[in-house]
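A closer look at the structure
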Amino acid sequence: MEYKFITPCALGTEGLLSKELSLMGVDKVAAENGSVSFAGDDFTCAMVNIGSRLAARVLIELAEFTAADFDSLYDKVKRIPFEDFIGKDDAFPVTGYSISSALHSVPGCQKIIKKAIVDRLSGVYKISWFKETGAAVTVRFSAQKDRFRIMIDTTGVSLHKRGYRAHYGAAPIKETLAAAMCNLARIFPDTLLYDPFCGSGTVLIEAAMMAQNRAPGLKRNFAAENYGFMDKNAFKYARSKALEQIILSPDFHAYGYDIDPECIKLTVENAKKAGVDHLITAQVGDVKDLALPNERLKVITNPPYGERLLDIAAARKLYKTLGQVAPPQKGRGIFAISPDDDFEKEYGAPANKKRKLYNGTIQCFLYMYF
Ligand SMILES: C[S@@+](CC[C@H](N)C(=O)[O-])C[C@H]1O[C@@H](n2cnc3c(N)ncnc32)[C@H](O)[C@@H]1O
C-alpha cells in the first residue's frame, strides 16, 4: 500500500532532511515548515525510521481537512477507515497540538477525535467496548489555522533517541541537531574530527556513525513493528539492508575533549553503546590546551551557551580561546553552533557562511569557516 508520510524535524533542517530522503531514493519529497512529506510503502516507512539522521518521527497521513467546530471535526474523522489500521484489541491513544485554530483546546480535540474513532470502529467491529490491550497505535493530529491533519505514528519514542545514550551529561545537544551540524560540515569516511567541548559525545558519535554509513536506528525498535497492518518483514528487511551498508573500519577518527571528567566517562560509554568506540578518542582537557595537528581536519563543536551553563561573559571567553587555539586556516573547517550574535567577534573572524538552526526553542547559528 502506498502512503503519504509526514516527518517532523527541527526548524531550519527541512532542506537537509529533504535531501537526505531523496538520497535514500524516496519519492514525492516536499519540504514544509518544520516537516517534510514523502510517499512510500511499508518498507519506505521502515527504511526512513531506521536510516534518517534528521527526522523526529515518521507519520502516516490519513486525512487532511478544515474544521472550525467540533461537529465538523467529528464527522471528518469518522469518515477515515481506521479499521484498516487499528485492530479490534489495539489501543489507540490520541495526541496532538493546535496552533492559531478555532478548536484551540487540545484535550477537547483529543476527546472528539477519540469518540469519532470509537464510533467508527464500533460500527465495523460490532462491539461497544474496546479493551485496548493490544499494540498501541498512536493517532496524532495537528491543527494549524483550522487545517487538521490526522496521522498514525509509526515511530514511538522520538527518533533523536538512537538507543546509545546511557545518561544525559550537562546540556546535551539533540542527536538530530548534532547530525544536522555534521551534515552541513560534511563527514567522509576519512574525516579527521575534533570537538573540544564534547560533553557526552553526541557530535563525535553522530559523525562516526555517518563516516561508517551506519544507520542511526539500528539499536532501537519502532512502534510500527507491532502494528497489525504493517508488513512484518519490512523492518527486518530494512535492518538487513542497513547492516549491509556499514563500512566497519573507515579511516575516520574523532578526538573529543571536555573539562569535566564525568562528560568524558559518558562519551566513552555512549560511544561503546553506539558501536563506534574504536573511532573515537576522548580525554579530559581544557580548550586552552587544544593543539590541533597541521593536517586536513574539521572542528565541529557546541561550546557552552551563556544562558544555560555559564554566564555570557565566561562563554564569550571560551569563544575567544577557541579562536586562539583553532583559528581558521587552509584545509581546516571550523563549525561551531552558538546562540550568541557576538560569536564571530569573540572568535576573531567573520564566518564564511552562517546557517540558522534551532536548539530546541533557542535560535542559534552554525558558524562555518572553511
Ligand atoms: C553545551 S555543552 C556540550 C554538549 C555536547 N554537545 C553534548 O551533546 O553532550 C558544553 C561543554 O563544554 C564543557 N566545557 C566548559 N568549559 C570548558 C573548557 N574550558 N574546556 C573544555 N570544555 C569545557 C562543559 O563541561 C560542557 O560539557
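Residues numbered from 1 in each chain as written. Predicted model: local features only at pLDDT ≥ 70, side-chain atom pairs only at ≥ 80, totals over all residues.

**So, the sheet that holds strand 7 (residues 147-153)**
Within the open sheet, the seven strands sit side by side as 2-3-1-4-7-6-5. Their pairing is mixed. Strands with a single pairing partner mark the edges of an open sheet, and in this sheet they are strand 2 (27-31) and strand 5 (94-99). The sheet shows a mean angle of 30° between the axes of neighbouring strands, direction not considered. Across the sheet, helix 1 (residues 14-23) touches strand 1 (3-8), strand 2 and strand 3 (35-40), and the angle it forms with strand 2 is around 170°. Of the strands in this sheet, strand 5 and strand 6 (139-144) are in contact with helix 4 (residues 106-125), which crosses strand 5 at around 135°. (Pairing = 2+ DSSP bridges. Helix = DSSP H or I, 4+ residues; strand = E, 2+ residues; numbered from the N terminus. Axes fitted to C-alpha atoms, helices over the stretch in contact; angles between N-to-C directions. Contact = placed C-beta atoms within 7 Å.)

**Some points on the environment of Leu54**
Positionally, Leu54 belongs in the loop between helix 2 (42-51) and strand 4 (59-66). Beyond its immediate chain neighbours, meaning those up to four positions away, Leu54 contacts Cys9, Thr13, Leu16, Leu17, Glu20, Thr176, Ala179 and Ala180.

**Digging into helix 9 (residues 312-325)**
Relative to the 20 Å expected for 14 residues at 1.5 Å per residue, helix 9 spans 20 Å between its end C-alpha atoms, a close match to the ideal helical length. Those residues of helix 9 lying buried are Ala315, Arg316, Leu318, Tyr319, Leu322 and Gly323. Buried positions in helix 9, seen along its axis, are confined to an arc of 155° and lie on one side of it. The exposed residues of helix 9 that point more than 90 degrees off its buried face are Ala313, Ala314, Lys320 and Gln324. Where the residues of helix 9 are buried, they touch strand 12 (332-338) and helix 10 (343-347). (Expected span 1.5 Å × (residues − 1). Buried ≥ 20, exposed ≤ 12 C-beta atoms within 10 Å, placed from the backbone. Arc of directions from axis to C-beta.)

**Here's the deal with the domain arrangement of the chain**
Per the domain assignment, the segments making up the chain are domain 1 (3-153) and domain 2 (175-213 + 248-369). Between the C-alpha centres of domain 1 and domain 2 the distance comes to 36 Å. Across the boundary between the two partners, domain 1 contributes eight residues, which contact nine residues of domain 2. When its residues are assigned to classes, the side of domain 1 that touches domain 2 shows five nonpolar, two polar and one charged. (Domains from an automatic or database assignment. Nonpolar A, V, L, I, M, F, W, Y, C, P; charged D, E, K, R; others polar.)

**Considering the pairing of strand 9 (residues 253-258)**
Counting buried positions along strand 9 yields five of six residues, so the element is predominantly enclosed. By the bridge criterion, four bridges tie strand 8 (residues 192-195) to strand 9 in an arrangement that is parallel. Bridging from a neighbouring strand, Leu193 pairs with Ala254 of strand 9. Inspection of the sheet shows strand 9 paired to strand 10 (residues 280-284) by five bridges, in the parallel sense. Bridged to Ala254 within strand 10 is Ile280. Considered for its hand, the β-α-β crossover made up of strand 9, helix 8 (residues 261-274) and strand 10 is right-handed. (Right-handed = clockwise from strand over helix to strand, strands pointing away.)

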